[in-house]
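Secondary and tertiary structure notes
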Amino acid sequence: MRLEVLDVSKGFRRGAGRLLPVLDHVTFRVEPRGFACLVGPSGCGKSTILNLLAGLIPPDGGVIRIGGRELDRRSHRIGYVFQRPRLLNWRTVRQNVEFALRADGVPADEWRVRVYDVLALVGLEQFADEYPLTLSGGMQQRVAIARALAIAPDVLLIDEPFSHLDELTARTQRRELRRFRDQIEATVVFVTHNALEAAYLADRVYVLSARPARITTEFTIEAPRTREIDDPYVIDTQRAVLKALGVE
Amino acid sequence: MLVLWAMIAAFLPPTLLPGPAVVGVRLAELMGTGDFWLHLRVTVQRVVAGFVLAFVVSVAAGTLMGARRLAEGVFEPWVLVGLTIPGLCWVVLAVMWFGITEMTPVFAIFVVVLPMLTLNMWQGTKGLDRDLLEMARVFRVPWSSVMRDVVLPQLLPLCLAGVRMGFALGWKVVVLSEMFGLSSGVGSMINRSFSASSMDDVLAWTVGFTLVMFVFEYAVMLPAERRLVRWRQVVRA
């Protein structure tokens with residue numbers, strides 16, 4: 001479904017009634033099944049955007065539409081992948097995915113197939129009955145992606161999923177994500193502060209300013225989705241994104 | 001431990017410290033009479049009754065304190081004061097209030113154990129993983145499932161620790177209150193042996209009681225714990 005974020009503002013009350021503006025008239029659109037990256041400096045309000053898109057907090061102004069209808073947590077399905085996996089460590093990988101399926105009201109006789117499908121997609125089908133702590137950090141994060149995909153979300157929100165992994169592992173995980181990205185039906189919003197990651201994965205990149213965040217620049221990436229990370233086009237885009245961020 | 005006991009006993013007159021062999025024989029005699037089991041059963045029943053009451057109240061109060069500021073403010077002084085009052089004071093008060101009734105040991109155990117267990121649950125509830133609760137909210141997980149899949153598994157190890165602490169404290173308090181004013185139970189038997197200046201009997205009762213604790217720990221607590229933290233042990237393997 002198409003995601004539209006139109007003129008959205010958000011502030012938080014601080015002591016003595018002062019309003020701390022976090023988002024300042026943010027507007028962007030993501031096409032159905034598109035993959036958009038939001039890139040911005042640390043603490044600029046990226047997580048606030050995701051919380052708005054998840055419907056956890058309401059915007060102060062503006063509107064968020066999914067598939068042409070205003071965002072409603074009861075009728076829209078939102079998948080969320082957090083910075084950390086946030087798995088139930090006392091439940092197996094399978095049960096972690098089922099946890100989301102049950103909450104979404106998926107009938108139990110469909111669970112087996114659904115769990116297998118999403119785990120196979122992220123390459124973890126043979127780990128279904130393991131406990132999360134037996135898996136590596138990168139694999140745990142892929143379980144979290146599988147959990148989010150299991151509910152067949154309209155929009156998939158991903159919040160710096162590889163930022164806490166070491167660079168080598170993060171590279172492998174990005175490669176994995178690129179591998180199965182085309183099979184994701186959801187419209188993806190991927191938040192990162194890593195310009196190279198954005199240039200490697202996204203169809204569109206939106207650059208945010210420091211707080212209060214505005215969209216300062218947008219890039220449409222024309223290279224095929226199968227591009228490599230050391231593709232000259234990717235490197236050039238990374239440089240342009242960094243420049244827009246005011247680095248270099 | 002037994003060797004050390006035997007060595008020290010060899011240097012002391014048997015009226016002060018009889019050796020393990022003597023006490024062992026006396027214990028075997030006691031166990032043969034059926035009296036031992038009768039008094040043991042009475043004592044265990046009192047501990048279980050006092051503990052279960054305290055446990056139920058502490059789970060309710062502790063989780064409420066962990067989840068709600070207001071409850072924390074209201075109950076915190078009670079818990080702190082409760083923790084500082086010596087168990088012996090409660091025993092004396094209980095005897096004066098309830099006399100030689102079953103209320104005395106049960107009440108004493110309840111009030112001594114309650115603050116400790118409440119503190120345990122309170123701190124545990126405050127330590128619940130907020131990130132997981134937020135995750136559950138994002139996935140619109142219903143309340144019942146949040147309890148069963150997110151909250152309870154985090155609180156279970158605490159409950160287990162609570163059972164351990166509660167029972168350990170409960171044993172001490174029950175024996176004290178039985179010594180003070182009851183005619184049945186292990187404590188009163190120790191008291192009777194004391195009046196008869198029979199060191200053999202005092203030690204035999206104490207050792208017998210301790211052995212039962214051991215059996216409880218190894219037969220009930222450790223297997224329960226192992227089952228509960230299976231998911232954690234997998235990592236070490």
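Procedures and definitions
- Residues numbered from 1 in each chain as written.
- Chains lettered and ligands numbered in written order.
- Predicted model: local features only at pLDDT ≥ 70, side-chain atom pairs only at ≥ 80, totals over all residues.
- Helix = DSSP H or I, 4+ residues; strand = E, 2+ residues; numbered from the N terminus.
- Buried ≥ 20, exposed ≤ 12 C-beta atoms within 10 Å, placed from the backbone.
- Contact = placed C-beta atoms within 7 Å.
- Pairing = 2+ DSSP bridges.
- Axes fitted to C-alpha atoms, helices over the stretch in contact; angles between N-to-C directions.
- pLDDT = per-residue confidence, 0-100.
- Nonpolar A, V, L, I, M, F, W, Y, C, P; charged D, E, K, R; others polar.
- Expected span 1.5 Å × (residues − 1).
- Bend = angle between axes of the 7 residues up to and from the residue.
- Core = buried A, V, L, I, M, F, W, Y, C linked by C-beta atoms within 7 Å.

1. Remarks on the overall build of chain B
A tally of regular secondary structure across chain B gives eleven helices and zero strands. Counting from the amino terminus, chain B carries its helices and strands in the arrangement α-α-α-α-α-α-α-α-α-α-α. Principal-axis analysis of the C-alpha atoms gives chain B an extent of 70 × 50 × 30 Å. Counting all 237 residues of chain B, 35% fall into the buried class. Across chain B, the fraction of contacts at a sequence separation of at least 24, relative to all contacts at a separation of at least 6, is 72%.

2. Points about the sheet that holds strand 4 (residues 61-66) of chain A
Residues and elements named next belong to chain A. Taken in spatial order, the four strands of this open sheet run 2-1-4-5, and their pairing is antiparallel. Only two strands of the sheet have a single partner each, and these edge strands are strand 2 (19-30) and strand 5 (69-70). Strands strand 1 (3-13), strand 2 and strand 4 of the sheet are contacted by helix 1 (residues 46-53), whose axis makes an angle of about 65° with strand 2.

3. Observations regarding the confidence of the model for chain B
In this model, chain B carries a mean pLDDT of 85, and residues with pLDDT of at least 70 account for 98%. Taken over the whole predicted complex, pTM reads 0.80, whereas the ipTM for its chain interfaces reads 0.88.

4. A look at the interface of chain A and chain B
Residue-level contacts link 18 residues of chain A with 16 residues of chain B. When residues of the side of chain A that touches chain B are assigned to their parent elements, the largest contribution, four residues, is made by helix 2 (residues 93-103) of chain A. Taken together, the residues of the side of chain A that touches chain B break down into eleven nonpolar, two polar and five charged.

5. Points about unusual backbone geometry
Residue and element names in this part refer to chain A. Residue Pro 212 is reached from Arg 211 by a cis peptide bond, and omega for that bond is -5°. Tracing the backbone shows Pro 212 in the loop between strand 9 (204-208) and strand 10 (215-220). We note that Arg 86 has phi near 50°; this positive angle belongs to a residue other than glycine. Looking at where Arg 86 falls in the secondary structure, it is placed in the loop between strand 6 (78-81) and helix 2. Given 22 C-beta atoms within 10 Å, Arg 86 falls into the buried group. Despite not being glycine, Ala 152 has its phi angle at roughly 50°, a positive value. Tracing the backbone through its elements, the reader meets Ala 152 in the loop between helix 4 (137-150) and strand 7 (155-159). Exposure remark for Ala 152: the 14 C-beta atoms within 10 Å place this residue in the partly exposed category.

6. With respect to helix 10 (residues 199-228) of chain B
Residues and elements named next belong to chain B. Compared with an ideal rise of 1.5 Å per residue, which puts 30 residues at 44 Å, helix 10 spans 42 Å between its outermost C-alpha atoms and is within 8% of the ideal. Bending of helix 10 peaks at approximately 35° at the position of Glu 217. All of the buried residues along helix 10 are Asp 201, Val 202, Leu 203, Ala 204, Trp 205, Gly 208 and Phe 209.

7. Here we look at the pairing of strand 3 (residues 35-39) of chain A
Residues and elements named next belong to chain A. Here strand 3 lies mainly inside the structure; five of its five residues are buried. Note: strand 3 against strand 8 (residues 187-192), five bridges, orientation parallel. Bridged to Phe 35 within strand 8 is Val 188. Pairing between strand 3 and strand 9: four bridges, direction parallel. Note that in strand 9 the partner of Cys 37 across the bridge is Val 205.

8. Some words on the sheet that holds strand 10 of chain A
Residues and elements named next belong to chain A. Reading across from one edge, 6-7-8-3-9-10 is the order of the six strands in this open sheet, with mixed pairing throughout. What marks the edges here is a single partner per strand, and that holds for strand 6 and strand 10. Sheet twist, expressed as the mean angle between neighbouring strand axes with direction ignored, is 15°. Pairing of strand 6 with strand 7 involves four bridges; the strand directions are parallel. Pairing of Ile 78 across the sheet is with Val 155, part of strand 7.

9. Thoughts on the nonpolar core
The biggest cluster of nonpolar side chains holds 124 residues, and the ones touching the most others in it are Leu157(A) and Val189(A). Not counting the four nearest positions on each side in its chain, Val189(A) is found in contact with Leu3(A), Val30(A), Ala36(A), Leu38(A), Leu53(A), Val155(A) and Leu157(A).

10. Description of the environment of Pro161(A)
Residues and elements named next belong to chain A. Summarising the element assignment, Pro 161 is placed in the loop between strand 7 and helix 5 (167-181). When the C-alpha atoms of Pro 161 and Arg 84 are compared, they prove to be 6.8 Å apart, with 77 residues separating the residues in sequence. Residues contacting Pro 161, with those up to four places away along its chain left out, are Val 81, Gln 83 and Gln 141.

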